[in-house]
Amino acid sequence: MTRPARVVVVGDVITDVVAVLSGPLAAGSDTGAAISLGGGGQAANTAAWIAAQRVDVTLVGAVGDDDAGRDRVAELERAGVDCAIERIEGAPTGTVIVLAADDERTMVSQRGANLRLSAAHVEQALAAVPDAGHLHLSAYTLLDAESRGAGLRALAAARERGLTISVDAASAAPLRRVGAAAFLGWVRDIDLLLVNADEATVLAGGLDPAAQGRALSATARRVVVKRGAAGAVWVDRTTPVCVAPASRVAVVDVTGAGDAFAAGLLTAWLAGATPTAALSRATDLGALAVSTAGARPQA
């Protein structure tokens with residue numbers, strides 16, 4: 001395998017307030033939890049995990065001109081991520097409250113400055129990294145009308161520069177709001193689409209995972225369906241379906257597991273790994289992520 005060229009990741013930078021619940025949420029009352037505050041955001045998490053694999057990575061995103069934004073950028077830079085971050089006056093850095101219990105998590109989101117990421121900033125950031133070989137886009141940028149222009153410009157600019165492209169479908173609820181047809185139109189002919197089981201159902205219907213992947217491969221050249229503890233499925237237009245089991249670990253917090261999975265998958269695939277090897281690396285990193293609290297690699 002070869003060392004991948006620089007990866008450019010576009011999308012959200014977030015402050016995560018993570019509460020790992022001690023038991024079922026007691027609505028209207030008190031529930032004990034271990035609570036932590038730190039960096040989050042699908043794109044930022046993926047970039048941090050890519051940097052941990054010793055691959056050059058640039059994160060393109062937006063934060064507020066506030067202490068939280070400065071903290072988020074500083075911790076990413078300490079993790080080895082090159083940051084091309086737009087600072088937005090008058091908008092707060094995005095924040096997500098994460099309620100984590102067993103193998104599920106519920107998120108309450110304020111995207112804040114992420115909504116103001118501009119197409120011009122994305123264009124400028126891509127122009128500044130001529131060594132880039134791949135663009136990875138978090139679909140949160142596409143799924144909100146306020147940031148959609150930046151997401152569409154990222155895809156167009158990557159195509160113009162001859163970069164390979166991957167998109168993480170991000171979240172089932174906003175996918176339902178924009179509709180499968182619109183989303184699939186935006187990502188048509190990308191190299192790799194990552195979806196979890198819920199997102200695959202929104203986009204391809206209630207089929208088995210391999211059939212969902214085959215349906216979505218009419219849009220993307222390669223599709224990976226993430227199935228949590230059930231593993232993952234790789235489908236593309238030229239090779240047989242590949243299925244990988246998940247690594248068995250004690251689950252502490254599933255926040256960021258999909259982002260770690262994406263980083264493992266991308267760095268292995270871009271280095272020339274087979275689908276089987278790329279899925280194996282992805283599931284290993286996903287397992288590492290769920291075995292610790294928080295969304296980022298441990299220092």
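Keep in mind the model is a prediction, meaning the values are calculated, not measured.

> In this structure, what is going on with the overall build of the chain? I would like to understand it.
Counting secondary structure elements, the chain contains 11 helices and 13 strands. Taking 299 residues into account, the globule formula puts the C-alpha radius of gyration at 19 Å, and the chain, at 18 Å, falls close to it. Judged by the C-alpha coordinates and their principal axes, the chain covers about 55 × 40 × 35 Å. For the chain, the residues scored as buried account for 54% of the 299 residues in total.

> Hey, could you run me through the environment of Ala260 in this one?
For Ala260, the location among the structural elements is in helix H10 (residues 257-270). Given the relative accessible area of 0%, Ala260 is considered buried. Residues Ala260 and Gly162 lie 98 residues apart in sequence; the distance between their C-alpha atoms is 25 Å. Residues within four places of Ala260 in sequence aside, it is in contact with Trp49, Leu285, Gly286 and Ala289.

> Help me understand the pattern of salt bridges, please; the structure alone is not making it clear to me.
Opposite charge on two side chains permits them to pair, given that their charged atoms come into close proximity. This structure, assessed with the given rule, holds 16 salt bridges. Across the pair Arg6 and Asp82 runs a salt bridge whose closest N-O atoms are separated by 2.7 Å. Here Asp82 lies in strand S5 (residues 82-88) and Arg6 lies in strand S1 (residues 6-10), a separation of 76 residues in the sequence. Among the residues examined, Asp82 registers a relative accessible area of 39% and is labelled partly exposed. A salt bridge links Glu123 to Arg153; its shortest N-O distance comes to 2.7 Å. Of this pair, Glu123 sits in helix H3 (residues 119-127) while Arg153 sits in helix H5 (residues 148-160), and the two are 30 residues apart along the sequence.

> When you look at the sheet that holds strand S8 (residues 132-138) in this model, what are you seeing that I'm missing?
Backbone-to-backbone hydrogen bonds pair the strands of a sheet. The strands run either parallel or antiparallel. Across the sheet, which stays open at both edges, the 9 strands sit in the order S5-S4-S1-S8-S9-S10-S11-S12-S13 with mixed pairing between neighbours. Unpaired on one side and paired on the other, S5 and strand S13 (242-244) mark the two borders of the sheet. On average, each strand axis in the sheet is inclined to that of its neighbour by 15°, with strand direction left out of account. Here strand S12 (residues 232-236) runs beside S13; their pairing, made up of 3 bridges, is antiparallel. When the sheet's bridge partners are listed, Val233 is paired in S13 with Val243. Packing against the sheet, helix H8 (residues 197-204) makes contact with strand S9 (164-168), strand S10 (192-196) and strand S11 (222-226), and its axis sits at approximately 110° to S10. Strands in contact with H10 are S1, S8, S9, S10, S11 and S12; relative to S10, the strand with the most contacts, it is inclined by about 155°.

> What should I look at first to understand the side chain of Arg296 in this one?
Position of Arg296 among the secondary structure elements: in the segment after helix H11 (275-290). Note on Arg296: relative accessible area 13%, which makes it buried. A polar side-chain atom of Arg296 sits 3.2 Å from the main-chain carbonyl oxygen of Gly40. For Arg296, the side chain forms a polar contact with the side chain of Asn45, separated by 2.7 Å. Residue contacts for Arg296: discarding those within four places in its chain leaves Gly39, Gly40, Ala44, Asn45, Ala48, Trp49, Glu75 and Leu76.

> It is not clear to me how the packing of H3 against H5 should be interpreted in this structure. Could you clarify?
For any two helices packed against each other, the geometry is given by the interaxial angle and the distance between the axes. Two elements in contact, H3 and H5, have axes whose closest approach is 8 Å; the angle formed by their N-to-C orientations is 30°. If you check the angle between H3 and H5, you find them roughly parallel. The way H3 lies across H5 gives a crossing that is right-handed. Here Ala119, Val122, Glu123 and Leu126 of H3 come into contact with H5, specifically with Gly149, Ala150, Arg153, Ala154, Ala157 and Ala158. Of the residues that constitute the contact of H3 with H5, the class distribution is 7 nonpolar, 1 polar and 2 charged.

> Even after reading the chapter, I still don't get the sheet that holds strand S7 (residues 104-110), so can you show me in this structure?
Strand order in the open sheet formed by 4 strands is S3-S2-S6-S7, with mixed pairing between adjacent strands. Looking at the sheet topology across the chains shown, the edges are occupied by strand S3 (33-40) and S7. Strand-to-strand twist of the sheet, defined as the mean angle between neighbouring strand axes without regard to direction, takes the value 20°. Pairing between strand S2 (residues 14-21) and S3: 8 bridges, direction antiparallel. Across the sheet, the residue bridging to Ile14 is Gly40, located in S3. Here helix H2 (residues 67-78) sits on the sheet in contact with S2 and S3, set at roughly 80° to S3.

> What exactly am I supposed to notice about the pairing of S12 here?
Remark: a regular strand shows side chains that alternate across the two faces of the sheet. The buried fraction of S12 amounts to 5 of the 5 residues, a majority that puts the element mostly inside the structure. Burial of S12 is two-sided: the residues Ala232, Trp234 and Asp236 facing one way and the residues Val233 and Val235 facing the other way are all buried. Strand direction decides the pairing type here: S11 and S12, joined by 5 bridges, are antiparallel. In the strand pairing of S12, Val223 is matched with Val235. The turn joining S11 and S12, which pair antiparallel and follow one another in sequence, is formed by 5 residues; a positive phi near 60° is taken by Gly228.

Cut-off values and rules
Residues numbered from 1 in each chain as written. Predicted model: local features only at pLDDT ≥ 70, side-chain atom pairs only at ≥ 80, totals over all residues. Heavy atoms only, no water. Helix = DSSP H or I, 4+ residues; strand = E, 2+ residues; numbered from the N terminus. Rg over C-alpha atoms; globule rule 2.2 N^0.38 Å. Buried < 20%, exposed > 50% of the residue type's maximum accessible area, 1.4 Å probe, protein only. Contact = heavy atoms within 4.5 Å. Salt bridge = Lys/Arg side-chain N within 4 Å of Asp/Glu carboxyl O. Pairing = 2+ DSSP bridges. Axes fitted to C-alpha atoms, helices over the stretch in contact; angles between N-to-C directions. Polar contact = N/O pair within 3.5 Å; in protein donor to acceptor, adjacent residues only side chain to side chain. Parallel < 35°, antiparallel > 145°, perpendicular 65-115°, else oblique. Left-handed = near helix turned anticlockwise from the far one by under 90°. Nonpolar A, V, L, I, M, F, W, Y, C, P; charged D, E, K, R; others polar.

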